[in-house]
There are 2 protein chains.
Amino acid sequence: MNTATTRGRDPASLRRDNLRALLRHLHLHGPTSRAELCEITGLTRSAIAGLVGELADRGLALEGPTSQPPTGRGRPPIIVSPHEDQAYVLAVAVEVDTIRISRVGFGGTVLAETRTAHDYAPGDPQRSVQQLTELLREWTHPSGTPPIGLGVAVPALVRAADGRIMRAPNLGWQHLSLGDELRRATGLPEPVVVGNEARLAALAEQRRGAGRECGDLVYVSADVGVGGGILTGDQVLTGHTGYGGEIGHMITNPGGRECHCGARGCWETEIGADALLRISGAPAPQDRHAALDDLLARAERGDEDALTAFRELVRPVALGLVNLVNVFNPERIILGGLLEPMLRHTGTQLESALAGLRGLPEVPLDLRPAQLGDHAPLLGAAEAAVNHFLARFE
Amino acid sequence: MNTATTRGRDPASLRRDNLRALLRHLHLHGPTSRAELCEITGLTRSAIAGLVGELADRGLALEGPTSQPPTGRGRPPIIVSPHEDQAYVLAVAVEVDTIRISRVGFGGTVLAETRTAHDYAPGDPQRSVQQLTELLREWTHPSGTPPIGLGVAVPALVRAADGRIMRAPNLGWQHLSLGDELRRATGLPEPVVVGNEARLAALAEQRRGAGRECGDLVYVSADVGVGGGILTGDQVLTGHTGYGGEIGHMITNPGGRECHCGARGCWETEIGADALLRISGAPAPQDRHAALDDLLARAERGDEDALTAFRELVRPVALGLVNLVNVFNPERIILGGLLEPMLRHTGTQLESALAGLRGLPEVPLDLRPAQLGDHAPLLGAAEAAVNHFLARFE
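Values in this document were obtained by computation on a predicted structure and should not be read as measured data. (Residues numbered from 1 in each chain as written. Chains lettered and ligands numbered in written order. Predicted model: local features only at pLDDT ≥ 70, side-chain atom pairs only at ≥ 80, totals over all residues.)

Caption draft 1: Region of the structure containing the overall build of chain A. Of regular secondary structure, chain A possesses 13 helices and 16 strands. In terms of overall size, chain A behaves like a compact globule, its C-alpha atoms giving a radius of gyration of 23 Å where 394 residues would be expected to give roughly 21 Å. A burial count over chain A gives 48% of its 394 residues as buried. Within chain A, contacts between residues at least 6 apart in sequence are counted, and of these 62% link residues at least 24 apart. (Helix = DSSP H or I, 4+ residues; strand = E, 2+ residues; numbered from the N terminus. Rg over C-alpha atoms; globule rule 2.2 N^0.38 Å. Buried ≥ 20, exposed ≤ 12 C-beta atoms within 10 Å, placed from the backbone. Contact = placed C-beta atoms within 7 Å.)

Caption draft 2: The pairing of strand β10 (residues 173-176) of chain A, seen in detail. Residue and element names in this part refer to chain A. Note that strand β9 (residues 165-168) and β10 share 3 bridges and pair antiparallel. Counted as the bridge partner of A168 is W173 from β10. Counting the residues that bridge the hairpin from β9 to β10 gives 4 residues, and of these G172 lies at a positive phi of roughly 75 degrees. (Pairing = 2+ DSSP bridges.)

Caption draft 3: Fine view of the relation of the copies chain B and chain A. Overlay of chain B on chain A (RMSD 0.0 Å): rotation 180 degrees, translation along the axis 0.0 Å. As the rotation angle and translation indicate, the two copies are arranged about a two-fold axis. Proximity to the rotation axis, assessed at the C-alpha, singles out B:T252 in chain B; its C-alpha lies 3.2 Å from the axis. Most of the interface of chain B is mirrored in chain A, where 100% of its interface residues again form contacts. (Least-squares fit on C-alpha atoms with pLDDT ≥ 70 in both.)

Caption draft 4: Region of the structure containing the nonpolar core. Residues A:A381 and B:A381 are the most contacted members of the largest nonpolar core, which totals 238 residues. Those residues in contact with B:A381, other than ones at most four positions away along the chain, are B:A91, B:V92, B:A93, B:G151, B:V152, B:A153, B:G195 and B:L200. (Core = buried A, V, L, I, M, F, W, Y, C linked by C-beta atoms within 7 Å.)

Caption draft 5: The arrangement of the sheet that holds strand β16 (residues 367-369) of chain B in detail. All names here are of chain B. Reading across from one edge, β14-β13-β12-β15-β16 is the order of the 5 strands in this open sheet, with mixed pairing throughout. The sheet is open, and its two borders are formed by β14 (235-236) and β16, each paired with just one other strand. Bridge count between strand β13 (residues 226-232) and β14: 2 bridges; the pairing is antiparallel. Within β14, the residue paired with T232 across the bridge is Q235. Relative to the sheet, helix α11 (residues 339-346) contacts β12 (217-222), β15 (332-337) and β16, its axis offset from that of β15 by approximately 105 degrees. (Axes fitted to C-alpha atoms, helices over the stretch in contact; angles between N-to-C directions.)

Caption draft 6: Representation of the domain arrangement of chain A within the structure. All names here are of chain A. Domain boundaries assigned for chain A yield domain 1 (11-82), domain 2 (88-200 + 376-392) and domain 3 (211-371). Inter-centroid distance (C-alpha atoms) of domain 2 to domain 3 is 26 Å. The set of elements that each furnish at least two residues to the side of domain 2 that touches domain 3 consists of β8 (157-158) and α6 (197-208). Considering only residue class, the side of domain 2 that touches domain 3 consists of 7 nonpolar, no polar and 3 charged. (Domains from an automatic or database assignment. Nonpolar A, V, L, I, M, F, W, Y, C, P; charged D, E, K, R; others polar.)

Caption draft 7: Seen up close, the interface of chain B and chain A. At the junction of the two partners, chain B supplies 66 residues and chain A supplies 66 residues. A per-element tally of the side of chain B that touches chain A places helix α1 (residues 11-29) of chain B first, with 7 residues. In terms of residue class, the side of chain B that touches chain A is built from 30 nonpolar, 25 polar and 11 charged.

Caption draft 8: Just the pairing of strand β5 (residues 98-105) of chain A, in detail. Residues and elements named next belong to chain A. With 6 of 8 residues buried, β5 lies mostly within the body of the structure. What sits between the antiparallel neighbours strand β4 (residues 88-94) and β5 is a turn of 3 residues. Bridge count between β5 and strand β6 (residues 110-117): 7 bridges; the pairing is antiparallel. Across the sheet, residue R100 finds its bridge partner in β6, namely R115. The turn linking β5 back onto β6 is made up of 4 residues, and G107 within it adopts a positive phi angle of 115 degrees.

Caption draft 9: Region of interest: helix α10 (residues 304-328) of chain A. All names here are of chain A. Taking 1.5 Å per residue as the helical rise, α10 with its 25 residues ought to reach 36 Å, and the 35 Å between its terminal C-alpha atoms agrees with that figure. Where α10 bends most, the angle comes to about 30 degrees, and this point is V314, followed within four residues by the proline P316. After α10 finishes, the residue N329 shows a positive phi value of roughly 45 degrees. (Expected span 1.5 Å × (residues − 1). Bend = angle between axes of the 7 residues up to and from the residue.)

Caption draft 10: Layout of unusual backbone geometry. Residue and element names in this part refer to chain B. For D234, which is not glycine, the phi dihedral falls at a positive 70 degrees. Structurally, D234 can be placed in the loop between β13 and β14. Unlike most non-glycine residues, N329 shows phi in positive territory, near 45 degrees. Here N329 shows up in the loop between α10 (304-328) and β15.

Caption draft 11: Here's a closer look at the confidence of the model for chain A. All names here are of chain A. Per-residue confidence for chain A gives a mean pLDDT of 92, with 95% of residues at or over 70. Low pLDDT, under 50, characterises residues 1-7; the stretch is placed with 19 contacts to residues that sit more than four places away or in other chains. Interface scoring of the predicted complex returns ipTM 0.93; its pTM is 0.93. (pLDDT = per-residue confidence, 0-100.)

Caption draft 12: Up close: the sheet that holds strand β10 (residues 173-176) of chain B. Spatial strand order, β8-β9-β10 (chain B): 3 strands in an open sheet with antiparallel pairing. Sheet topology places β8 (157-158) and β10 of chain B at the edges, where each strand pairs with a single neighbour.

Caption draft 13: Broad picture of the packing of α10(A) against helix α11 (residues 339-346) of chain A. Residue and element names in this part refer to chain A. Their axes nearest at 9 Å, the elements α10 and α11 cross at an angle of 110 degrees. Between α10 and α11, the interaxial angle falls into the category roughly perpendicular. Contacts from L307, F310, R311, L313, V314 and V317 of α10 reach α11 at L339, M342, H345 and T346. Tallied by class, residues from the contact of α10 with α11 come to 7 nonpolar, 2 polar and 1 charged. (Parallel < 35°, antiparallel > 145°, perpendicular 65-115°, else oblique.)

Caption draft 14: Spotlight on the packing of helix α6 (residues 197-208) of chain B against helix α13 (residues 376-392) of chain B. Residue and element names in this part refer to chain B. Two numbers describe how α6 lies on α13: the axes approach to 7 Å, and their chain directions differ by 80 degrees. Between α6 and α13, the angle is such that the two are roughly perpendicular. Contact residues: α6 offers E197, L200, A201, L203, A204, E205, R207 and R208, while α13 offers A376, P377, L379, G380, A381, E383 and A384.

Caption draft 15: Broad picture of helix α3 (residues 45-57) of chain B. Residues and elements named next belong to chain B. For α3, built from 13 residues, the straight-helix expectation of 18 Å at 1.5 Å per residue is met to within 8% by its first-to-last C-alpha distance of 18 Å. Along α3, the positions that sit buried rather than exposed are I48, L51, V52 and L55. In an axial view of α3, the angular spread of the buried residues amounts to 100 degrees, which keeps them on one side of the axis. Exposed residues lying more than 90 degrees from the buried face of α3 are S46, G53 and D57. Those residues of α3 hidden inside the fold are in contact with α1, α2 (34-41), β2 (61-65) and β3 (78-82). Looking at the residues trailing α3, positive phi occurs at G59, about 75 degrees. (Arc of directions from axis to C-beta.)

Caption draft 16: Focus on the environment of A:L277. All names here are of chain A. Among the secondary structure elements, L277 is positioned in helix α8 (residues 273-279). On the neighbour-count criterion, L277 (19 C-beta atoms within 10 Å) is partly exposed. The spacing of L277 and L365 is 88 residues in sequence and 28 Å in space, taken between C-alpha atoms. For L277, the contacting residues outside a window of four places in its chain are A282, P285, R288, A291, L292 and L295.

Caption draft 17: A look at the environment of A:G187. Residue and element names in this part refer to chain A. In this fold, G187 is placed in the loop between α5 (178-186) and β11 (192-196). Classification of G187 as exposed rests on a count of 10 C-beta atoms within 10 Å. Distance in space between the C-alpha atoms of G187 and T133 is 9.5 Å, their sequence separation being 54 residues.

Written as structure tokens, this is what we have:
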């Protein structure tokens, strides 16, 4: 149902598309024999040899014999691998308290990762820009080879057209062209791709986590906020201006509490960390994170009060999930953040609650815990940086 | 973010893709000069001449000089048009009471359309299959030229993998392979594409109605049921098994009435025809359709009680729309069925209600009345049939 027209094709653009297809395959599936690449692309052995040669010359692929013992029949296969030491992306995830940064090889291997305190000052985004600039400079490959892409995950509404941060409530940032500022400040050749952390986490779970091979996926992560990312037809849903996927602001309880966004009864107010702490009977805690860590630890130990709090979260969680199931008909729903322990602690209760709430049994339901934990936004930023590299690859 | 690999390309597959691109353009945009086709496709004049010649030979395109007076400079442009008399699809929309059928030319012109009583008997889908078979035979081109595609719109959950009707609550049909049965019975060469009426209506509004040029679109139509169709990135959202878009079964009022689906507080129970009649204070009517027609007519005449009923529908409508806006970030929301007069009668009240309910003002909002009325499912069935033809075109 795509209404776009395809442009006429010349040999150079065909060659570029074939190179991109090879790169994408190597990134997603890792080392692959030349014979398999012929199989996958439909190209001849000599065409593959030529294309792989070009990728090797450009520092993106490596070729070598397999390390497996020969089978005794014919020549040993030649294996093509992503050149992950040479070709890498830098990924950053920004939170109020911390900044994570990692160097991820082309092919998806995390080569190095660290977590550092965010030198954050309210109302002073330039201070953060400066810290990020220093980190990116420091993390550029010791040999000086620049990254093939840079990605930054932020808890923010990010405009699709230009990557501008329109609003990051927790950070207090508004109208910040973070990507452009970092590029200018670092002097690195590649643009910096900025994305919403939950959308990027969804991409990471699909590529490297609990959603592999799923083209239609809903990812929900609850913490203080409730974020989400949706893939339909193998594409991250961004919507018209980039804000698609704000599932934390579905109104699931019209008579509910006021949300920080100004609306009332948003899913976020019903199932986020504050809701869980409220349900658990904790008096409004001074340190929300400490109270939450305590509650989680108690639940792990089997403390009945803590488990009861998780059980009471089941119905409001199910009320939002029903909507997502009926609207998206996803192949899989991945639950992250607080919902991951909730799924473990409440067993089949969530599925029972869903069965009681939903009236379309034809729509399948497959709930899975997230696999990447709080690394997901960082890994997603790396995947988005690779996507950007591939889309611009000539 | 597409993870698929593109296959290596040979000249024949390139030629096929270029032919498909030309056909798609002619279908969507109508008569186009050869010079414009060169511009659009990036192909040379001689390549376009060859491709158009093939389409003409196959009865899909016509060439001729423009009917506009010559400008006096150079040769008059040669105009390529879809050959709508020769190449056509048959489209059918099935309801409990009626069956509509139309012959739609390649290019989108409705050549003929009729509406006939559905010879419906509960529990006897074969009776309907027989009537549909006769209609399709009768509506095949008088010259005997078979249609290039056939599409059927049904109020049903339709499985994506094989077009099987899993459940059509109003018709009482379950597990009916309507498309296969019709193909077998009619002996027509092309498969019969079966789709959910609201999803097809959304496609029609995007192609020929209120959603032109919108790649990210939400269509909501309320009648007895509430159906919807969503386009993201120019694709109709089908979800993993074909049931994506069941927005009538979002739970927008967890404490609400029981829905016919078995759940409680579905949007359909809050804003469908029964809700409107209930709000209007009408005692449970014997004839729901007559009562609805009466209410609509009174509202058109400015009857204050009828208008009040529409005004009271505004908040429950807004509660569902907020979710769709925040989840999909659509470029446009198209309101059909009862929501179309509601939008007219309540003026800016709906936008005010939405402004009061939603907390993310960055997400744009553009509400429009549907343009195709109850022809939309039929026109969508025709568009789906053309899509299917293009996807299989060799």
